[in-house]
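Analysis of the macromolecular model
Next come the chains, spelled out residue by residue.
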Amino acid sequence: MQQCSIYDKSLRFSRAVYGIIILLAFFLDNYWLILAVVILLVLGTFSIKLNLAYQLHVFCLRNLLKKNIQPIQKETAELSFVSGMTAAMLLLGFLLLYFNQYVVFAKIWILLIALLIFLACFAGFCIASLSYALLLKVLKIQRNEIS
């Protein structure tokens, strides 16, 4: 698996920014903000270099505050999976709201996704990362059974 160096605090910052934007969208009844977060998350799915909130935080830490921060190693596939899964789940909520279907369910869904984003941000426990690890384990078991 391909590894990349990331800054954990910057990743948490980007998650916090996305969670705050989602909460603002919910309380302001402006669901286009949710679509904006979906677009930002989809960009982050392709590369961590396209995650704008992450890059802003890294830039501020390095250049403005002159802090020496240490990166950690993460799988690029895991980062892409987490970003893509979050984007897909938010897109589902947005589409339900846009087409005015199951509005109460969609609002609860959006709040649940925001809660999970904040859980990953503040507690460091990401459900999408856990599901990625379980998916890898299941696929590995199935490959071993086929061989």
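As the structure is a prediction and not an experimental result, all values here were calculated from the model.

**Examining the packing of helix α1 (residues 8–28) against helix α3 (residues 52–64)**
- Axis separation between α1 and α3 bottoms out at 8 Å; the angle between their running directions is 130°. With respect to α3, the element α1 is oriented oblique. Judged by the twist between their axes, the crossing of α1 over α3 is right-handed. From α1, Lys9, Ser10, Leu11, Phe13, Ser14, Val17 and Tyr18 reach across to α3, where they touch Leu52, Ala53, Tyr54, His57, Val58 and Leu61.
- Grouping the amino acids of the contact of α1 with α3 by side-chain chemistry returns nine nonpolar, three polar and one charged.

**With respect to the pattern of salt bridges**
- On inspection of all chains with the given rule, the structure shows two salt bridges.
- Two residues, arginine 12 and aspartate 8, come together in a salt bridge whose shortest N-O distance is 3.2 Å. Taken together, the residues arginine 12 and aspartate 8, both in helix α1 and four residues apart, mark about one turn of the helix.
- For lysine 74, the salt bridge identified is with glutamate 78, shortest N-O distance 4.0 Å.
- With relative accessibility at 15%, the residue glutamate 78 sits in the buried group.

**Re the nonpolar core**
- One finds Ile22, Tyr31, Ile34, Val37, Leu41, Leu90 and Ile110 to be the most contacted residues of the largest nonpolar core, which totals 20 residues.
- Breaking this core down by element, the ones donating at least two residues are α1, α2 (32–46), α4 (76–98) and α5 (103–123).
- Among residues more than four places away in sequence, those in contact with leucine 90 are Ile22, Ile34, Val37, Val38, Leu41, Ile110 and Ile113.
- Grouped together as the second largest cluster of nonpolar side chains are nine residues, Tyr54, Val58, Leu61 and Ile69 included.

Cut-offs applied
- Residues numbered from 1 in each chain as written.
- Predicted model: local features only at pLDDT ≥ 70, side-chain atom pairs only at ≥ 80, totals over all residues.
- Heavy atoms only, no water.
- Axes fitted to C-alpha atoms, helices over the stretch in contact; angles between N-to-C directions.
- Helix = DSSP H or I, 4+ residues; strand = E, 2+ residues; numbered from the N terminus.
- Parallel < 35°, antiparallel > 145°, perpendicular 65-115°, else oblique.
- Left-handed = near helix turned anticlockwise from the far one by under 90°.
- Contact = heavy atoms within 4.5 Å.
- Nonpolar A, V, L, I, M, F, W, Y, C, P; charged D, E, K, R; others polar.
- Salt bridge = Lys/Arg side-chain N within 4 Å of Asp/Glu carboxyl O.
- Buried < 20%, exposed > 50% of the residue type's maximum accessible area, 1.4 Å probe, protein only.
- Core = buried A, V, L, I, M, F, W, Y, C linked by side-chain atoms within 4.5 Å.

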